[in-house]
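# Working through the structure, step by step
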Amino acid sequence: MGSLQTSTNLSNKSCLCVSGRGVQGLSVVRQVGFSWLLQGQRKSRKIQSLCVRSSFSNGGGGSAPDEKVSEGLLLGAERDGSGSVVGFQLIPHSVAGDATMVECHDIEADDLSEDAEEMEKTPIKLTFNIIFVTAEAAPYSKTGGLGDVCGSLPMALAARGHRVMVVSPRYLNGGRSDEKYANVVDLDVRATVHCFGSAQEVSFYHEYRAGVDWVFVDHPSYHRPGTPYGDIYGAFGDNQFRFTLLCHAACEAPLVLPLGGFTYGEKCLFLANDWHAALVPLLLAAKYRPYGVYKDARSIVAIHNIAHQGVEPAATYKNLGLPPEWYASLEWIFPTWARAHALDTGETVNVLKGAIAIADRILTVSQGYSWEITTPEGGYGLHELLSRRKSVLNGITNGIDIDDWNPLTDEHIAAHYSINDLDGKVECKTALQKELGLPIRPDCPLIGFIGRLDYQKGVDIILSAIPELMQNDVQFVMLGSGEKQYEGWMRHTENLFKDKFRAWVGFNVPVSHRITAGCDIIVMPSRFEPCGLNQLYAMRYGTIPVVHSTGGLRDTVKDFNPYAQEGKGEGTGWTFSPLSSEKLLDTLKVAIGTYTEYKPSWEGLMKRGMERDYSWENAAIQYEQVFDWAFIDPPYVR
């Protein structure tokens, strides 16, 4: 038998195809079709329309050879004691010329195979053509959590059977980071985008990796030094143009790119991440759907940080490539107190606002943050709109790369350890103290901070608390870069407390791993935190988080209670509120006291954090539920 192909469809039909070559060039094709109707109880089923169809050809017309054709292969068929197939009329061993025989039977069966029973019990899982649109995707481009999400979640969804494309700019700055695109290839496909009063040509580059189609939009505006958003002089002045271009190109990609031999087509699910991609739901509704394109597509806008909304002067609306009648969807009026001067009317266009109003679903990166953005304090002016759309608003906590962040295999740390053997944790601590030039004291609580040095991360709260904290027997290390005033303060504090405080200005991935593994406590006094990743990394490494009770921090860190579980304790760290240096100090003192005086309780904290499920697969399952919901209702049509 030359080849065997089987295909299964879960819609009450099953098809078995067997093809091969018999003797003397005789070709044999057999097809067996099954359909069954469940009736009554588990043991009573009727198999209907069971057919055997066979076609024979000797290729030359005339008589068939005298030799017998070997018996065909029937998978899963039941045979009697003589070896004959029960309930089937087998194909004759020789047939003259070309012939087709069809035998149909109705068979009563008391039992089906275990496989058939399992197939009945297993719910049908829908798979989707998913298009991630994002300004950054690790490892190609990354400035924060957005890059991590769009670099990891697509692979988790692809592993679960979905067809996934990520569309992001191809950033080139002439430096070493350009090497990240070394394996991408030019698809030799060009698209013309009409925006900003002219026709812009973009090209597409592609890499198939980890089951995902990574597609990069190429245009000269993405070729410059700096980050995806700016350089040492601030944000790029043409960011609205650069990301408008990305959105238009992303809408074209599923239609024109023959990836794997065929395009993604029109029935796609677009996942637009933050304001940079927020024009996508509007383009689907205003540019494509009125002409019958993408009529079955859906869109989800994912909000990673609502503080950034893509707000520009109202006069720029004409640059976006949207019909004039859609202006009201993006119109945004600043309150009087926020206007530049008395003659300022406050009229702007807000791309994120338009996406929130039009998208089929809205997602945030934690449940806590999905609630916070509906409040005046957390919604940055969009809270009323989000409250009206609360029925389609959900929060899903991010996962982390559990292979990259694994204390048992991490190549960046001094010693490996696990929940069952914590000895390596102490080695990581002493190695970190030695690297930083701190006194090597395994029993001294070592506290760490990793993050951007800015107002959102609460660095000013740490600044206010440090003088009093340094009066205690502790050591403190900070890693990060950002506002120059905080960088200068870190250097100054290091000079004041040479044996207790260390500052690492800048960002270094291996060092961040070593601080996460070597510290006993990680502090995160963020004013708001949509999800947060460092607390997840810390718990995975047995490092205890002390965090402000906000957003994803509140969702992921459960307060320590030593009296719960019949004295065994529960919780993975400490949260504090309100946000103040005094409250941070009080909470840190409780944590330090637990570390120094209650070692069994501390070990319980470590192990409970380490045993949690941090995988992206867990998050992907929750995303699939939202995808299902997105297709329940028809898309927005004006």
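Residues numbered from 1 in each chain as written. Predicted model: local features only at pLDDT ≥ 70, side-chain atom pairs only at ≥ 80, totals over all residues. Heavy atoms only, no water.

Put simply, the test is: UniProt positions are given in the numbering used here, feature names are shortened, and annotations may be inferred rather than shown by experiment.
You'll find the protein entered in an unreviewed UniProt entry as Starch synthase, chloroplastic/amyloplastic, with Anisodus acutangulus given as the organism. The record held by UniProt for the protein lists under Pathway (unreviewed entry) the comment "Glycan biosynthesis; starch biosynthesis."

### Thoughts on the overall build of the protein
This is how it is decided: For helices the rule is a DSSP run of H or I covering at least 4 residues; for strands it is a run of E covering at least 2, with both sets numbered from the N terminus onward. Burial classification: accessible surface area is computed with a 1.4 Å probe over protein chains only, and a residue below 20% of its type maximum counts as buried, one above 50% as exposed, and the rest as partly exposed. Two residues qualify as a contact provided that any one of their heavy atoms is within 4.5 Å of a heavy atom in the partner residue. All accessible-area figures derive from a Shrake-Rupley calculation using a 1.4 Å probe, and residue coverage is judged against the displayed protein chains alone.
Within the protein, the secondary structure is distributed over 17 helices and 25 strands. Out of the 638 residues in the protein, the part that is buried amounts to 52%. Taking contacts inside the protein between residues at least 6 apart in sequence as the whole, the part at least 24 apart equals 69%. Looking at the protein as shown, the accessible area adds up to about 29500 Å², and 51% of this sits on carbon and sulfur atoms.

### Digging into the sheet that holds strand β8 (residues 185-195)
Counted only if it meets this: Any two strands with at least two DSSP bridges between them are considered paired. Axes here refer to lines fitted to C-alpha atoms; in helices the fit is confined to the stretch in contact. Angles between the N-to-C directions go from 0 to 180 degrees.
Spatial ordering of the open sheet is given by β8-β9-β10-β7-β6-β13-β14-β18-β19, a layout of 9 strands whose pairing is mixed. In this open sheet, the two strands that pair with only one neighbour each are β8 and β19 (393-395). The sheet shows a mean angle of 25 degrees between the axes of neighbouring strands, taken without regard to direction. Pairing between strand β14 (residues 298-303) and strand β18 (residues 361-364): 4 bridges, direction parallel. Counted as the bridge partner of isoleucine 300 is arginine 361 from β18. Against the sheet, helix α4 (residues 279-288) makes contact with β6 (129-133), β13 (269-273) and β14, and its axis sits at roughly 140 degrees relative to β13, the strand it touches most.

### Regarding the pairing of strand β21 (residues 475-480)
So the rule is basically this: For the handedness criterion, the strands are oriented away from the viewer, and a crossover whose path from the first strand over the helix to the second runs clockwise is classed as right-handed.
Taking burial as the measure, the 6 residues of β21 include 6 buried ones, the bulk of the element. Alternating positions in β21 separate into two faces, Gln475, Val477 and Leu479 on one and Phe476, Met478 and Gly480 on the other, with burial throughout. In this structure, strand β20 (residues 446-450) lies alongside β21, joined through 5 bridges in parallel fashion. Each residue of the ladder has a partner; that of glycine 448, found in β21, is valine 477. Viewed along the sheet, the connection from β20 through helix α10 (residues 459-469) into β21 turns out right-handed. Pairing geometry for β21 and strand β22 (residues 501-505), over 5 bridges, is parallel. Each bridged residue has a counterpart across the sheet, and for valine 477 the counterpart in β22 is arginine 502. Tracing the backbone out of β21, into helix α11 (residues 484-496) and back to the parallel element β22 gives a crossover that is right-handed.

### Regarding the packing of helix α15 (residues 581-597) against helix α16 (residues 599-610)
Rules: Relative orientations are named as follows: roughly parallel for angles under 35 degrees, roughly antiparallel for angles over 145 degrees, roughly perpendicular for angles from 65 to 115 degrees, and oblique for any other angle. In this scheme the handedness of a crossing depends on how the near helix is turned from the far one: anticlockwise by less than a right angle means left-handed, clockwise means right-handed. Residue type decides the class: Asp, Glu, Lys and Arg count as charged, Ala, Val, Leu, Ile, Met, Phe, Trp, Tyr, Cys and Pro as nonpolar, and the leftover types, Gly among them, as polar.
In contact at an axis separation of 6 Å, α15 and α16 are set at 115 degrees when each is read in the N-to-C sense. Classified by the angle between their axes, α15 and α16 sit roughly perpendicular to one another. For the element pair α15 and α16, the recorded crossing hand is left-handed. Within the contact between the two elements, α15 uses Ala591, Thr594, Tyr595, Thr596 and Glu597 and α16 uses Lys599, Ser601 and Trp602. When the residues that make up the contact of α15 with α16 are grouped by side-chain class, the tally is 3 nonpolar, 3 polar and 2 charged.

### Section: a negative patch on the surface
Rules: Patch rule: a residue counts if its relative accessible area is over 30% and it has no salt bridge; like charges are joined within 9 Å, and nonpolar side chains (Val, Leu, Ile, Met, Phe, Trp, Tyr) within 5 Å. A pair is scored as a salt bridge if a Lys or Arg side-chain nitrogen falls within 4 Å of a carboxyl oxygen belonging to Asp or Glu. For the charge count, each Lys or Arg is scored as positive and each Asp or Glu as negative, with His and the chain ends excluded. Charge placement uses NZ in Lys and CZ in Arg. For Asp and Glu, CG and CD serve respectively.
A grouping of Asp401, Asp403, Asp404 and Glu411 is seen on the molecular surface, where their side chains present a negatively charged patch. Considering the arrangement of structural elements, one finds aspartate 403 in the loop between β19 and α9 (423-436).

### A closer look at the sheet that holds β20
With parallel pairing, 6 strands are arranged side by side in an open sheet as β22-β21-β20-β23-β24-β25. Since the sheet does not close on itself, it has two edges, and those belong to β22 and β25 (574-576), each with one partner. Across the sheet, the mean angle separating the axes of adjacent strands is 20 degrees when strand polarity is ignored. Sheet topology places strand β23 (residues 521-524) next to strand β24 (residues 544-548); 4 bridges connect them, and they run parallel. By the bridge assignment, methionine 524 is partnered in β24 with valine 547. Contacting β21 and β22, α11 runs over the sheet at an angle of about 145 degrees to β22.

### Let's talk about unusual backbone geometry
Residue proline 139 is reached from alanine 138 by a cis peptide bond, and omega for that bond is 5 degrees. Within the element layout of this structure, proline 139 appears in the loop between β6 and α2 (145-159). The omega torsion of the bond from serine 577 to proline 578 falls at 5 degrees, within 30 degrees of zero and hence cis. Mapped onto the elements, proline 578 comes out in the loop between β25 and α15. Look at tyrosine 294: it is not a glycine, yet its phi comes out positive at around 60 degrees. For tyrosine 294, the position within the fold is in the loop between α4 and β14. Here tyrosine 380, not a glycine, exhibits a phi torsion of approximately 50 degrees, which is positive. Examined against the element boundaries, tyrosine 380 turns out to sit in the loop between α7 (367-372) and α8 (383-388).

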